[in-house]
Amino acid sequence: MASGSRKPGRFGRGKLRTSPKGKRKANGDSSNPRNSATGRQWEKAYGKGYLQGYYDGGEGILEARLPADAVFPNVTVESVIAAGIAALRPQGLPLLGPAFVYEELERALTGGIPYSLVRLGDGELLAMAQETVMPAEEVARLGPFLSYAGVNVPDPQARDVLAEAVRRASVVGVPLSRKPLFQPLLFKVWQAHGIRPDSVRLTSSTINYSLDEEGYWPKLMSGRRILAVGNAAEPLARALRKQGVQVTAAVGPVGGMNDWERAAREAAGCPFDLALVAAGIAAVPICVRLAETTGKVAVDFGHLADRMAGLREGPEIRR
């Protein structure tokens, strides 16, 4: 599920409901809980809390930092943030864009250069946070999807394997979201593992989709031997072959982080130029191992494999 996406809430959509007697009642009817005394109290309390939170998270922070001997007409939180970002711009670490990443992948494929592109979402970051940034129990509570993604908490071995793979990857996709389990957790985790952000070449964690949206994948696959790895490997291989892509093998399924080494060994024994790895969290070490042992190119393909294969996309690790 993509970070930042919003679904309609349970309330407030003006939806008509059928009464037990078959009559349709609009939300304006007195039977609506939100029009009851309790409902009105809830809305009043919610509105008050929202305004207080909006102040505390914006104007309150600004107010505490503005000098007491001056006022600033027409200055907004947004304008102060924009000015601050402009001042901080030289400290920012560059993110490689889709065109640049495409060119690098093309050069690696043409020149026989080992290249691993991996991506980090909240699943990988939570797995790396175990007993470094937070207790394993907290990780399990915050990441109920982790078992689906391939990590059964507690798993300190998976944590350390991921950290090492990040250090060795050619390019690492990182989340742009500033929500607590994304960029803020990213840099806390890297600090805990001794990974300096300026030592890693960075792109967006959704670079796989960006390359697709800009039409780069057909160019990269054309005339190359493609290896599909992961739970969707077989259907992805079939879909690509129908499009005329030369898929030499499909390796899967992959049973999570406990199975990544076996999957990487099997994949390394297959002839390929470009490996598309869609194996949840395990894709990170698989890509790095494949690039290092075969001298080829391996990309963390994610749920783009499901989309290309025409499958229903599962609960993706959010990025």
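The structure we're discussing is the one just above.
(A) Geometry of the packing of helix H1 (residues 37-65) against helix H2 (residues 77-88). Axis separation between H1 and H2 bottoms out at 10 Å; the angle between their running directions is 60 degrees. Here H1 lies oblique to H2, going by the angle between them. By crossing handedness, the relation of H1 to H2 is classed as left-handed. Touching Tyr 54, Gly 58, Glu 59 and Leu 62 of H1 are Val 77, Glu 78 and Val 80, all from H2. Each residue belonging to the contact of H1 with H2 can be placed in one class, and the counts come to 4 nonpolar, 1 polar and 2 charged.

(B) Quick peek at unusual backbone geometry. The linkage connecting Val 153 with the following residue, Pro 154, adopts the cis geometry, with an omega of 5 degrees. Within the secondary structure, Pro 154 sits in the loop between helix H6 (146-149) and helix H7 (156-168). Omega for the bond connecting Gly 252 with Pro 253 falls within 30 degrees of zero, at 0 degrees, which places this linkage in the cis form. Mapped onto the secondary structure, Pro 253 falls in the loop between strand S8 (247-251) and helix H12 (260-268). Here the phi dihedral of Asn 74 falls at roughly 65 degrees; this positive angle occurs in a residue that is not glycine. Considering the arrangement of structural elements, one finds Asn 74 in the loop between H1 and H2.

(C) Molecular detail of a nonpolar patch on the surface. Residues Trp 42, Tyr 46, Tyr 50, Leu 51 and Tyr 54 make up a contiguous nonpolar surface patch of about 650 Å² in total accessible area. Relative to the helices and strands, Trp 42 is located in helix H1.

The rules we used
- Residues numbered from 1 in each chain as written.
- Predicted model: local features only at pLDDT ≥ 70, side-chain atom pairs only at ≥ 80, totals over all residues.
- Heavy atoms only, no water.
- Axes fitted to C-alpha atoms, helices over the stretch in contact; angles between N-to-C directions.
- Helix = DSSP H or I, 4+ residues; strand = E, 2+ residues; numbered from the N terminus.
- Parallel < 35°, antiparallel > 145°, perpendicular 65-115°, else oblique.
- Left-handed = near helix turned anticlockwise from the far one by under 90°.
- Contact = heavy atoms within 4.5 Å.
- Nonpolar A, V, L, I, M, F, W, Y, C, P; charged D, E, K, R; others polar.
- Patch = residues over 30% accessible without salt bridge, like charges linked within 9 Å, V, L, I, M, F, W, Y side chains within 5 Å.
- Areas by Shrake-Rupley, 256 points an atom, 1.4 Å probe, with all protein chains shown as cover.
- Salt bridge = Lys/Arg side-chain N within 4 Å of Asp/Glu carboxyl O.

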